[in-house]
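Structural overview for review
Listed below are the residues making up each chain.
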Amino acid sequence: MSFRIIVLAKQVPDTRNVGKDAMKADGTVNRAALPAIFNPEDLNALELALRIKDQRKDCEVIVLTMGPFRAAEIVREAMYRGADRGYLITDRKFAGSDTLATSYAISLAVKKLEPYNLVISGRQAIDGDTAQVGPQTAEKLNIPQVTYAEDIPEVTDTHIVIKRRLELGIETVKAPMPLAITVHSSAPDCRQRVAKLLMKYKHARTVTELQNETKDYTELYNQRPYLQIDEWTVDDLHADVEMLGLSGSPTKVKKIENVVFAHKDSKVMTSSDEDINNLMKELIESHVIG
Amino acid sequence: MNNIFVYCEITEDKVIADVSLELLSKGRKLASELNVKLEAVVIGTDLKDVEAQIFPYGVDVVHVADDKNLFPYTTLPHSAIVLEIFKHEKPEIAIFGATSIGRDLAPRIASALRCGLTADCTSLEFGDHFENKTQTEYKNLLYQIRPAFGGNIIATIINPETRPQMATVREGVMKKEILDAKYKGKVKKVNTAAILKDEHFVVQIIERHMEASKVNIKNSQVIIAGGYGVGSRENFKLLYDLADVLGAQVGASRAAVDAGFSEHERQIGQTGVTVRPKLYIACGISGAVQHRAGMDQSAQIISINTDLNAPINHIADFTIIGSITDVIPKMIKYYKANSK
Ligand SMILES: Cc1cc2nc3c(=O)[nH]c(=O)nc-3n(C[C@H](O)[C@H](O)[C@H](O)COP(=O)(O)OP(=O)(O)OC[C@H]3O[C@@H](n4cnc5c(N)ncnc54)[C@H](O)[C@@H]3O)c2cc1C
Ligand SMILES: Nc1ncnc2c1ncn2[C@@H]1O[C@H](COP(=O)(O)O)[C@@H](O)[C@H]1O
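Our subject in this report is the structure included herewith. Bear in mind that the values here come from a model prediction, so they are computed numbers and not experimental data.

Calculation criteria
- Residues numbered from 1 in each chain as written.
- Chains lettered and ligands numbered in written order.
- Predicted model: local features only at pLDDT ≥ 70, side-chain atom pairs only at ≥ 80, totals over all residues.
- Heavy atoms only, no water.
- Salt bridge = Lys/Arg side-chain N within 4 Å of Asp/Glu carboxyl O.
- Helix = DSSP H or I, 4+ residues; strand = E, 2+ residues; numbered from the N terminus.
- Buried < 20%, exposed > 50% of the residue type's maximum accessible area, 1.4 Å probe, protein only.
- Pairing = 2+ DSSP bridges.
- Axes fitted to C-alpha atoms, helices over the stretch in contact; angles between N-to-C directions.
- Contact = heavy atoms within 4.5 Å.
- Parallel < 35°, antiparallel > 145°, perpendicular 65-115°, else oblique.
- Left-handed = near helix turned anticlockwise from the far one by under 90°.
- Nonpolar A, V, L, I, M, F, W, Y, C, P; charged D, E, K, R; others polar.
- Near = heavy atom within 4 Å.
- Polar contact = N/O pair within 3.5 Å; in protein donor to acceptor, adjacent residues only side chain to side chain.
- Areas by Shrake-Rupley, 256 points an atom, 1.4 Å probe, with all protein chains shown as cover.
- Core = buried A, V, L, I, M, F, W, Y, C linked by side-chain atoms within 4.5 Å.
- Expected span 1.5 Å × (residues − 1).
- Lys, Arg positive; Asp, Glu negative; His and termini not counted.

**What about the pattern of salt bridges?**
In total, this model carries 41 salt bridges over all chains according to the counting rule given. The shortest N-O distance in the salt bridge between A:Arg191 and A:Asp54 comes to 2.9 Å. Of this pair, A:Arg191 sits in the loop between strand S10 (179–183) and helix H5 (195–201) while A:Asp54 sits in helix H1 (residues 40–55), placing them 137 residues apart in sequence. Relative accessible area serves as the criterion here: at 53%, A:Asp54 is assigned to the exposed category. For A:Glu209, the salt bridge goes to A:Arg76, with nearest N and O atoms at 2.9 Å. You can see A:Glu209 sitting in helix H6 (residues 207–210) and its partner A:Arg76 sitting in helix H2 (residues 72–81), a full 133 residues away along the chain. Each member of the pair, A:Glu209 together with A:Arg76, is buried. Counted as one network, the salt bridges with shared partners bring together B:Asp18, B:Glu22, B:Glu171, B:Lys176 and B:Lys218.

Right, here's the structure in full:
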């Protein structure tokens, strides 16, 4: 019996560093101008998984990511840090999926990896901050969920103890497995890449990526099965297409508006003693303060 | 048309949470617009007379699930009860607080009912929709409005086909308003014994350390908010000094919280609290839309920024061009000099 952990990780545009060129003239988002990164809380999720692996010889950590071809980078990045292997769920038919359709696809992939002990995801992805995919995947798998984990003080064959970070404090819970966990940013930072693993996995490729490689490379790839990152499509998942993409997404975007500033006539002043003295006087006289 | 439901949270002090009362106030308005009833769901332990806290907000029906194991909140029992109620009542709309609890519960419910859910809405209103593909006209859909994608856009989300239309809303976004102190609704007791099973209690709470919220920036008349431009945790002390003199509270932008200058509880904006003080002093805050979503209804805004072109200046009544390290000590000095 092995102890299997599935980590859900998403590649996201780095919305924390949105530059001026992030918006196109027509008001749409210029995704190309935003670097694609490993969703920050998914790194916390990976770390909690790897800490369990540190403690248990029988533990296997598998990364699962859904996205375009280039999201294979997430699988490699996770392997550099200690994950055993990973899968990329990718298909045009997934395009336009909202959280419900996404969690449906992810739950089918998780089921293919049964039996598993834990499904660990980040609390939320920074591109939308919805925090819905974790709990929705748990529901689709019909397993309990523990959200906002910051530490896992105890793991045995039958149960797990989790410390949760809530708005107003800390709660510690004990849960059976299989279980879905979402991880909060207050969990430990993810360990860095390990040089040895980087060397080992830097040539890991999906079948699609392999098409751009040379023949020599393909030979190497075939000799070393650990270099193969599996791609799963709608067919591999035996998914009902009606439940994917736009048709499987009950939420529709009705309208996108550019943010228009309601310009006020701002009184501009300097930081001189005189200006600030006058401002404070004015605020006190108009009873805004004081 | 069916009714509007609000899931009400119980706080550590065993009262209905503020965020839930805010949502009831909003729910009341939406229900009146559609000419339907407003219903509340309260799940907890020892809930005797809980209805008295919520009827004044205009609640027509409250579903009370009172059982010894329902407080503190755990996911599976609460979702089993909510699902059972929703399956019977088929709500048109269901609103949850965007809190630790609401964000744990609502997605689970939405997934089980296969319906749409929009997180962190900043505004909810009704509107129509014409679906070209199917040539179908939809009347009075819930427009779920939220900033999206780096805050450069405001998205309006709809769920034309699925019910309930579900949304979460953060604390402070809606205004808490008593409709009528004498308003009386109906209490419906939920038969918890028929719903709850042992398997709902597999996740056990073994320890809890909860604190009452230390900071209450939401109700403060004057807020001094610091951003990334404040530069350090030490510089944030300047903001506390000014807050002390003005009797104000200190808030922060997300960039300031992420940089460790301030605590998360103080974060203002789309993913923090929404505030409407008499005076908002934005110190070293550029004014991204997610930040403005939480403060643009302040009666007066002062921006202190080294950059004349910072977007926050466009919504400020007064813009002081300068560094906070220079400006704030002067504000303290001249406030003291001028206030008798
Ligand atoms: C989904 C999502 C949700 C978000 N939710 C929130 C939210 O709830 N709240 C929130 O605040 N943000 C939120 N953000 C982040 C938001 O987009 C901005 O990144 C953030 O508000 C920027 O914070 P800031 O203005 O402090 O920092 P910056 O944008 O870095 O601005 C710093 C400002 O300080 C000025 N400055 C520099 N030095 C000085 C000085 N010495 N004196 C005076 N001024 C100086 C600069 O000119 C600049 O204008 C969210 C983002 C996303 C993607
Ligand atoms: N496309 C995806 N591929 C893999 N994991 C995902 C994906 N989308 C969401 N997740 C996981 O679900 C969490 C919550 O995402 P969200 O609901 O989008 O905020 C993320 O932190 C990931 O762990």
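Next comes the rest of the account.
**Some points on the sheet that holds strand S16 (residues 318–321) of chain B**
The strands making up a sheet are joined through hydrogen bonds of the backbone, oriented either antiparallel or parallel. The parallel open sheet is built from six strands, whose spatial order is S14(A)-S16(B)-S15(B)-S14(B)-S12(B)-S13(B). Pairing within the sheet leaves two strands with one partner each, and these edge strands are strand S14 (267–270) of chain A together with strand S13 (249–252) of chain B. When strand polarity is set aside, the average angle formed by the axes of neighbouring strands in this sheet is 20°. With five bridges connecting them, strand S12 (residues 222–226) of chain B and strand S14 (residues 279–283) of chain B associate as parallel partners. Considered in S14(B), the bridge of B:Gly226 is made with B:Cys283. Running over the sheet, helix H9 (residues 324–338) of chain B touches S14, strand S15 (300–305) and S16 of chain B and is turned about 135° from S15(B).

**A word on the packing of helix H3 (residues 75–89) of chain B against helix H4 (residues 102–113) of chain B**
Residues and elements named next belong to chain B. With their axes 10 Å apart at the nearest point, H3 and H4 run at an angle of 45° to one another. On the basis of their axis angle, the class for H3 and H4 is oblique. The hand of the H3/H4 crossing is right-handed. Contacts between H3 and H4 involve Thr-75, Leu-76, His-78, Ser-79, Val-82, Leu-83, Phe-86 and Lys-87 from the first element and Asp-104, Leu-105, Arg-108, Ile-109, Ala-112 and Leu-113 from the second. By residue class, the composition of the contact of H3 with H4 is eight nonpolar, three polar and three charged.

**Side note on the site of ligand 1**
In the vicinity of ligand 1 lie 30 residues, with B:Ser253, B:Thr271, B:Ser286, B:Gln290 and B:Asn305 positioned nearest. Residues close to ligand 1 are split across chains A and B. Residue B:Ser253 places a side-chain N or O atom 2.5 Å away from an oxygen atom belonging to ligand 1. Measuring from a nitrogen atom of ligand 1, one finds a side-chain N or O atom of B:Thr271 at 2.6 Å. Considering ligand 1 on its own, with 990 Å² of exposed area, one finds that the protein chains cover 82% of that surface. Listing elements by their share of the shell around ligand 1, those giving two or more residues are helix H7 (254–258), helix H8 (289–292) and S15 of chain B. Residue classes in the shell around ligand 1 are distributed as eight nonpolar, 19 polar and three charged.

**Structural notes on the nonpolar core**
When a protein is soluble and globular, its nonpolar side chains tend to lie buried together. One finds A:Ile5, A:Leu118, A:Ile160 and A:Ile181 to be the most contacted residues of the largest nonpolar core, which totals 46 residues. Broken down by element, this core gets its largest block of residues, seven residues, from H1(A). Not counting chain neighbours up to four residues away, the residues in contact with A:Ile5 comprise A:Ala49, A:Ile52, A:Cys59, A:Glu60, A:Val61, A:Ile62, A:Leu118 and A:Ile120. Formed by 37 residues, the second largest nonpolar core is a distinct cluster that contains A:Ile289, B:Ala248, B:Ala252 and B:Phe261.

**Concerning the pairing of S14(B)**
Residues and elements named next belong to chain B. Within S14, five of the five residues are buried, which leaves it mostly tucked inside the rest of the structure. Of the two faces of S14, the one carrying Leu-279, Ile-281 and Cys-283 and the one carrying Tyr-280 and Ala-282 are both buried. Sheet topology places S14 next to S15; five bridges connect them, and they run parallel. Bridge pairing links Ile-281 to Ile-302 in S15.

**Overview of H9(B)**
Its 15 residues give H9(B) an end-to-end C-alpha distance of 20 Å, which sits within 8% of 21 Å, the value for a rise of 1.5 Å per residue. Buried residues of H9(B): B:Ile324, B:Val327, B:Ile328, B:Lys330, B:Met331, B:Ile332, B:Tyr334 and B:Tyr335, and no others. The secondary structure elements touched by the buried residues of H9(B) are helix H9 (273–285) of chain A together with helix H6 (233–246), S14, S15 and S16 of chain B.

**Regarding the side chain of A:Glu231**
All names here are of chain A. Within the element layout of this structure, Glu-231 appears in strand S12 (residues 228–232). Arg-76 is the oppositely charged side chain nearest to the buried, salt-bridge-free Glu-231, at an N-O distance of 8.9 Å. There is a polar contact of 3.0 Å between the side chain of Glu-231 and the side chain of Thr-206. A distance of 2.6 Å separates a polar atom in the side chain of Glu-231 from a polar atom in the side chain of Thr-208.

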